[in-house]
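Analysis of the macromolecular model
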Amino acid sequence: VMTVGDSKINAGIYIYNELTEMSYQMTMMYYQNGIKKDYFDQKVDGKAFDEYLSDYALTATKEYAAVVDKFNELGLTLSDEDIKSINDSISSTWDSQGEFYESEGISKESVKLALKGSKMREELFDHYYAEGGEEAVSDDEMVKYLDDNYLRYKSISFAKTTASTDSSSSATDSSTDSADAANEEAKAKRDEFLEKAQGVSFDDFDSIIDEYNDYVASKKSSSAADSDSSATDSSTASDDTSSVSDIDTSSTASDDTSSVSDSTAESSSTVDSDSSTDSSSSEPDPYANEKMMNYGAMDDSQKDTTNGKILKEVSGMSTDVATAYEDDNAYYILIKGDIKDRDTEYAKDNHEDLLKEMKSDEFQEKLTSWVEKLDIKVNNKAIKRYTPKVVYDKQTEYYSKNNNS
């Protein structure tokens, strides 16, 4: 599909890049918007789907070539363990999907080269930024990054009820009245918990969350008992359920550290704050109720999401002060913690993921510069032969013939 100096790049690598990104984007379309067909009528990053995929595959293949070239230039090598892992992955993939890849014009060797390229890219990143690297990030730099960008907070929420739509005005009015009553109850309950939280520190706010969780459990039990009683008024049971079932479960979850994006996005920079915690340990997680979020790295569109608006509210709050907040979805109590009380420990526990978060853009700039320095000649005839639509049609044809695959 292209030559780089005297080296030829297999067309299979280009098709593999195209197919992999196509599958990813189609999955995102489904989970975000429920799209199951007409993919080529959609846009990604402002481009028509087929144009986006063609551009992506071409760029990814050029970057593959640049990675291999720079990796060899620096005299780096993949370990025997890396090679074994890649070979094992190929064997497993080929057992289950080999025929499909071959139907697309992707050979086993092309997939192996693509996987080796991905591993080389990881090794190059570490060569520059990991401990002992040419441009290694110090512990102090990482802690400062956290202090400058991250927010630390806890929250509980009481979901709002939305009135159902109905063709008759009387039914609509009844539903609206019912929703208003449920929301007044939810707001009153939020204010009740807010009063209890006054003067409570960030650390001690866990006791408020525990009481909140008991309240949620009690409401659910009450709703279940009401639904089993023939004497229960159906509208009341419905209101009780709606006020509980959609409550923000983040108050009881472990750290939600999707560092940039909303919960529906692929967060390539997601950090597992409890990665160093032994799941078999009987010690309770002291951070189970809090979130660490990278607000500083959000762009304007991300800050305009429900999650982004909550973080904006948190960013302007004083620490250790429980605060009321409300949006279209719920009534909240938010409390902000001091990031400096946890920054050193968090940086240590999440060093690798934070490193990628800090340096991915800078590494991408290096990679782009490497591509520009290469003598790359693209085989446009091959590019036109392996269009996204052709790849998609072959996939559809294969699975229509192999329904059990």
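Residues numbered from 1 in each chain as written. Predicted model: local features only at pLDDT ≥ 70, side-chain atom pairs only at ≥ 80, totals over all residues. Heavy atoms only, no water.

Of regular secondary structure, the protein possesses 14 helices and 9 strands. Only carbon and sulfur atoms are counted for the fraction: they give 43% of the accessible area of the protein, which is about 22100 Å². (Helix = DSSP H or I, 4+ residues; strand = E, 2+ residues; numbered from the N terminus. Areas by Shrake-Rupley, 256 points an atom, 1.4 Å probe, with all protein chains shown as cover.)

Before going further, it helps to examine the pattern of salt bridges. Throughout the structure, instances matching the rule amount to 25 salt bridges. A salt bridge links Asp206 to Lys154; the shortest N-O distance between them is 2.9 Å. Here Lys154 lies in strand E5 (residues 150-159) and Asp206 lies in helix H7 (residues 205-227), a separation of 52 residues in the sequence. On the basis of relative accessibility, which here comes to 2%, the residue Lys154 falls in the buried class. Close ionic contact of Lys196 with Glu211 constitutes a salt bridge, the shortest N to O distance being 2.3 Å. One end of the pair, Lys196, is in helix H6 (residues 169-197); the other, Glu211, is in helix H7, with 15 residues separating them in the sequence. Each of Asp82, Lys119, Glu122 and Glu123 takes part in a single network of salt bridges with overlapping partners. (Salt bridge = Lys/Arg side-chain N within 4 Å of Asp/Glu carboxyl O. Buried < 20%, exposed > 50% of the residue type's maximum accessible area, 1.4 Å probe, protein only.)

Mapped onto the elements of the fold, Ser155 is located in strand E5. In terms of polar contacts, Ser155 uses its side chain to reach the side chain of Lys291, at 3.3 Å. (Polar contact = N/O pair within 3.5 Å; in protein donor to acceptor, adjacent residues only side chain to side chain.)

Now for the sheet that holds strand E6 (residues 290-294). Ordered in space as E6-E5-E8-E7, the 4 strands form an open sheet in which the pairing is antiparallel. At either end of the open sheet lies a strand with only one pairing partner, and these are E6 and strand E7 (323-326). Going across the sheet, the axis of each strand differs from the next one's by a mean of 40°, ignoring polarity. Pairing geometry for E5 and strand E8 (residues 330-337), over 8 bridges, is antiparallel. (Pairing = 2+ DSSP bridges. Axes fitted to C-alpha atoms, helices over the stretch in contact; angles between N-to-C directions.)

The 3 strands lie next to each other as E2-E1-E9, forming an open sheet whose pairing is antiparallel. One side of each edge strand has no neighbouring strand; the edge strands of this open sheet are strand E2 (7-9) and strand E9 (376-378). Across the sheet, the mean angle separating the axes of adjacent strands is 20° when strand polarity is ignored. Across 3 bridges, strand E1 (residues 2-4) lies against E9 in antiparallel orientation. Each bridged residue has a counterpart across the sheet, and for Thr3 the counterpart in E9 is Lys377.

Here we take up unusual backbone geometry. Even without being a glycine, Asp45 presents a positive backbone phi close to 55°. Following the sequence through the fold, Asp45 ends up in the loop between strand E3 (43-44) and strand E4 (47-48). Classification of Asp45 by relative accessible area gives exposed; the value is 68%. Even without a glycine there, the phi angle at Asp320 is positive, about 65°. Tracing the chain through its elements places Asp320 in the loop between helix H10 (306-315) and E7.

Right, let's talk about the nonpolar core for a bit. Core analysis: the biggest nonpolar cluster contains 65 residues, and Val1, Ile9, Phe49 and Tyr150 have the highest contact counts within it. Residues within four places of Ile9 in sequence aside, it is in contact with Val1, Met2, Val4, Thr61, Tyr64 and Ala65. With 18 residues, the next largest nonpolar core counts Ala197, Phe205, Tyr212 and Tyr331 among its residues. (Core = buried A, V, L, I, M, F, W, Y, C linked by side-chain atoms within 4.5 Å. Contact = heavy atoms within 4.5 Å.)

Bridge count for E7 against E8 is 4 bridges, and the pairing is antiparallel. If you follow Thr323 over to E8, its bridge partner there is Leu334.

On a regular strand, one side chain projects to one face of the sheet and the next to the other, so that they alternate. Summarising burial for E6: 5 of the 5 residues are buried, a large majority. The alternating pattern of E6 places Glu290, Met292 and Asn294 on one face and Lys291 and Met293 on the opposite face, and all of these are buried. Across 5 bridges, the pairing between E5 and E6 is antiparallel. When the sheet's bridge partners are listed, Leu151 is paired in E6 with Met293.

What follows covers the packing of helix H1 (residues 11-33) against helix H2 (residues 49-73). Their axes nearest at 8 Å, the elements H1 and H2 cross at an angle of 135°. One finds that H1 runs oblique with respect to H2. Read as a crossing pair, H1 and H2 show a hand that is right-handed. Contact residues: H1 offers Ile13, Tyr14, Asn17, Glu18, Glu21, Met22, Gln25, Met26 and Met29, while H2 offers Phe49, Tyr52, Leu53, Ser54, Tyr56, Ala57, Leu58, Ala60, Thr61 and Tyr64. Residues belonging to the contact of H1 with H2 are distributed by class as follows: 13 nonpolar, 4 polar and 2 charged. (Parallel < 35°, antiparallel > 145°, perpendicular 65-115°, else oblique. Left-handed = near helix turned anticlockwise from the far one by under 90°. Nonpolar A, V, L, I, M, F, W, Y, C, P; charged D, E, K, R; others polar.)

Of all residues in the protein, 83% have pLDDT values of 70 or greater, and the mean over the chain is 86. This stretch, residues 232-279, has a pLDDT under 50; its non-local contacts, to residues over four places away or in other chains, come to 104 contacts. (pLDDT = per-residue confidence, 0-100.)

Another aspect to go through is the packing of helix H3 (residues 80-103) against helix H4 (residues 108-129). Where H3 contacts H4, the axes come no closer than 10 Å and their chain directions differ by 140°. Viewed along their axes, H3 and H4 adopt a mutual orientation that is oblique. Between H3 and H4 lies a crossing whose hand is right-handed. Each of Asp82, Ile83, Ile86, Asn87, Ser89, Ile90 and Trp94 in H3 lies in contact with H4, whose residues at this interface are Lys108, Val111, Lys112, Leu115, Lys116, Lys119 and Glu123. Of the residues in the contact of H3 with H4, the class split is 6 nonpolar, 2 polar and 6 charged.

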